[in-house]
Amino acid sequence: MVSNPVHGLPFLPGSSFRDPTKTAFHRSQTLSYRNGYAVVRRPTVGIGGDRLPVNQLSQAELDELANKAPVLTYGQPKQAPRAEFIPAHVAFDKKVLKFDAYFQEDVPMSTEEHYRIRQVNIYYYLEDDSMSVMEPVVENSGILQGKLIKRQRLAKNDKGDHYHWKDLNRGINITIYGRTFHLVDCDRFTQVFLESQGIELNPPEKMALDPYTELRKQPLRKYVTPSDFDQLKQFLTFDKQVLRFYAIWDDTDSMFGECRNYIIHYYLMDDTVEIREVHERNDGRDPFPLLMNRQRMPKVLVENAKNFPQCVLEISDQEVLEWYTAKDFIVGKPITILGRTFFIYDCDPFTRQYYKEKFGISDLPRIDVSKKEPPPVKQELPPYNGYGLVEDSAQNCFVLIPKAPKKDVMKMLMDDNKVLRYLAALDSPIPEDKDRRFVFSYFLASDMISIFEPPVRNSGIIGGKYLGRTKVVKPSSSVENPIYYGPTDFFIGAVIEVFGHRFIILDTDDYVLKYMESNAAQYSPEALLSIQNRVQKREAPAPELENKQTKEDPGEQELEALIDTIQKQLKHHPCKDNIREAFQIYDKEASGYVDKEMFFKICDSLHLPVDDSLIKELIRVCSHGEDKINYSNFVRAFSNGPG
């Protein structure tokens, strides 16, 4: 920096002097930020810290200023408030100018088009003066459309200037990246904004259309070749020849619809169709003979004829692409005429002969269209809710006001006051329940069961009524079809399951024995055998206490009686040695016992009837503990002589 301290010399080369000792040439800071805003302040020193030259006033100017002192007269002037600063990204947020434009694109290698007009939308974002170009997507255009130019500041010329909203107007051309866009119109917001800024807008123009796209919208030309069909020959050949079809119109899907019979006549002389109604006596319908007069029926209409009002449309060959012919009427296929679908189920002999000679169709059997009466709807009951008896709950589904189910009056009169009593034990894994005893009372008049537990002192269990009088369902029956316990299910050794609790019948009273003797046909052999064993135990003499070695086991008589009964029932069976040898193979210790699982496997291999009630009772008697069976006593039942 060259300074001229001598004010009398001109500032010319050779007349100025430089301070060689000066080393600082920095500028003083004139820009700063206060509370987030840029503030400009005047420099106080020059470059390198030199004093700035101050304009000197003349004596006359100083006198004039001294004489005019408005501050002393009027006071300190008030400064106007500073306008509030609003950043551009806040003032113009989401404010976008939109222009409709197009550009022309050459198509060099096509015989159908030489250029293409592509319509675009140009968006100008006021907040940062950026622009973007979007092309609306046209379906099946085959061109990559959408965002042509992403949002950015676009250069206006080679000098680095960018497009501003003042450069945009309707009816002008702008060049972006070598492609010229012609602006034709803008939206309402853009028009109001530009006019508010004092810009005079040009009148809007029409959007240019693509010639090839407009050509594709035109309908294709159709060439109709005149027909050489001779209608006179058809009339003379097929005069008085009519095809007769029997059809039905099923309208049962609609409200009050029904299935009605019709006769369809097809006249071969002029390809016309007639539909006649079939009336029956007392059908309640007016005796109109025809549903549709004789006329040609169109099968396929042109597109324009479908939208034209049918009531005033005179159908001609120009509106119809295809008419119904004789080959469209086939037995067993539906056909739609005037919106109604008819099902052809039969035809007359002349029609069958015509189809055989003309089309080679020889098999046209009659189709049975008579509707069978639907089966009666089975009344389904809702699932049982567990309250009361199933019969009582079902009465709510039969009538609005339920009634008590009917009872067998004769049975109630004959079996009134007849009660069968049994002594039972609770089959429970709990040790405290093994000594509990229960009295089952079966009422023959109502097939109900009640359970009473005799109280036992110091047992810790409160006795009394265990189950009130009710019917008990067998566990093997379903909820919808319950099977209740009957008198034949109660015998000594039987297992009765009552609402999840298992009871074993131990004994009966004398009235049960008399009832079973009088109704022996109703009981199974297993039940009769249990009662027989009980009677034999009662009648057996008391054993001698002195000779304990010869004391007979209480179950020995039951076993012998059971073996005799099985031998009488089975009569013949393979030799007992074969059965015994099969068990001895798996009894390696020769103890006479085998595991229960192995026992049933051997019985299955020998085809022994283990499902028989007597055989089940024999297995129970021969059981030793929980997992062993004495097969020696079991084999004796299948021999003809003593084991």
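Conventions and cut-offs
- Residues numbered from 1 in each chain as written.
- Predicted model: local features only at pLDDT ≥ 70, side-chain atom pairs only at ≥ 80, totals over all residues.
- Heavy atoms only, no water.
- Core = buried A, V, L, I, M, F, W, Y, C linked by side-chain atoms within 4.5 Å.
- Buried < 20%, exposed > 50% of the residue type's maximum accessible area, 1.4 Å probe, protein only.
- Helix = DSSP H or I, 4+ residues; strand = E, 2+ residues; numbered from the N terminus.
- Pairing = 2+ DSSP bridges.
- Phe/Tyr/Trp six-rings, centres within 6.5 Å; stacked < 30°, edge-to-face > 60°.
- pLDDT = per-residue confidence, 0-100.
- Contact = heavy atoms within 4.5 Å.
- Salt bridge = Lys/Arg side-chain N within 4 Å of Asp/Glu carboxyl O.
- Axes fitted to C-alpha atoms, helices over the stretch in contact; angles between N-to-C directions.
- Polar contact = N/O pair within 3.5 Å; in protein donor to acceptor, adjacent residues only side chain to side chain.

A. Inspection of the nonpolar core at higher detail. With 28 residues, the main nonpolar core has Tyr422, Phe440, Ile449, Ile451, Phe490, Val498 and Phe503 as its most contacted residues. Mapped onto this core, the elements with two or more residues apiece are β17 (419–426), β18 (437–443), β19 (448–453), β21 (495–498), β22 (501–508), α11 (510–518) and α12 (525–539). Within the second largest apolar cluster, 25 residues are counted, among which are Trp249, Tyr324, Ala326 and Phe342.

B. Main features of the pairing of strand β3 (residues 96–106). Where β3 and strand β4 (residues 115–125) come together, eleven bridges link them in antiparallel fashion. The partner of Lys98 across the bridge, within β4, is Tyr123. As defined by bridge partners, β3 adjoins strand β8 (residues 179–186) across four bridges and the pair is classed as antiparallel. The partner of Ala101 across the bridge, within β8, is Leu183.

C. View of the packing of aromatic side chains. A full pass over the atoms with the stated rule returns 21 aromatic pairs. Centroid distance Phe245 to Tyr355: 6.1 Å. Interplanar angle 85°. Geometry classified as edge-to-face. With Phe245 in strand β9 (residues 242–250) and Tyr355 in helix α8 (residues 349–358), this pair connects stretches of sequence that are 110 residues apart. For Phe245, a relative accessible area of 1% corresponds to the buried category. Here the aromatic cluster, defined as three or more aromatic residues joined through ring pairs, consists of Tyr422, Phe438, Phe440, Tyr442, Tyr466, Tyr485, Phe490 and Phe503.

D. View of the confidence of the model for the protein. Summarising the model, the protein shows a mean pLDDT of 82, and 88% of its residues fall at 70 or more. Note on residues 542–552: pLDDT is under 50 here. Beyond four places in sequence and across chains, it has two contacts.

E. Broad picture of the pattern of salt bridges. Using the criterion set out here, one finds 23 salt bridges in the structure. With a closest N to O distance of 3.3 Å, Asp128 and Arg151 form a salt bridge. Within this pair, whereas Asp128 is found in the loop between β4 and β5 (130–135), its partner Arg151 is found in strand β6 (residues 146–152), the two being separated by 23 residues in sequence. Of the charged contacts in the structure, one is a salt bridge between Lys474 and Asp489, with a shortest N-O distance of 3.1 Å. With Lys474 in the loop between β20 (464–470) and β21 and Asp489 in the loop between β20 and β21, this residue pair connects regions lying 15 residues apart in the sequence. Residues joined in a network through salt bridges with shared partners are Glu105, Glu113, Arg116, Arg118 and Glu135.

F. A look at the sheet that holds strand β10 (residues 259–267). Read across the sheet, six strands follow the order β12-β11-β10-β9-β16-β15 without closing on themselves; strand pairing throughout is antiparallel. The open sheet is flanked by β12 (290–295) and β15 (334–337), the only strands paired with a single partner. Between one strand axis and the next, the sheet turns by 35° as a mean value, whatever way the strands run. For β9 and β10, the ladder comprises nine bridges, and the chain directions are antiparallel. Note that in β10 the partner of Asp250 across the bridge is Cys259. Contacting β9 and β16 (340–347), α8 crosses the sheet at an angle of about 110° to β9.

G. Fine view of the environment of Leu559. Turning to its location among the elements, Leu559 is positioned in helix α13 (residues 554–570). Between the alpha carbons of Leu559 and Cys622 there is a distance of 8.2 Å; along the sequence they are 63 residues apart. Not counting the four nearest positions on each side in its chain, Leu559 is found in contact with Leu618, Val621, Cys622, Asn633 and Arg636.

H. Spatial organisation of the side chain of Glu453. Checked against the element boundaries, Glu453 lands in strand β19. Engagement of the side chain of Glu453 in a polar contact is seen with the side chain of Arg436, the distance being 2.9 Å. Residue contacts for Glu453: discarding those within four places in its chain leaves Arg436, Arg437, Phe438, Ile461, Ile462, Gly463, Gly464 and Tyr466.

I. Just the sheet that holds β3, in detail. With antiparallel pairing, the six strands of this open sheet are ordered in space as β6-β5-β4-β3-β8-β7. Each edge of the open sheet is held by one strand with a lone partner, namely β6 and β7 (173–176). Direction aside, the axes of adjacent strands within the sheet are offset by 30° on average.

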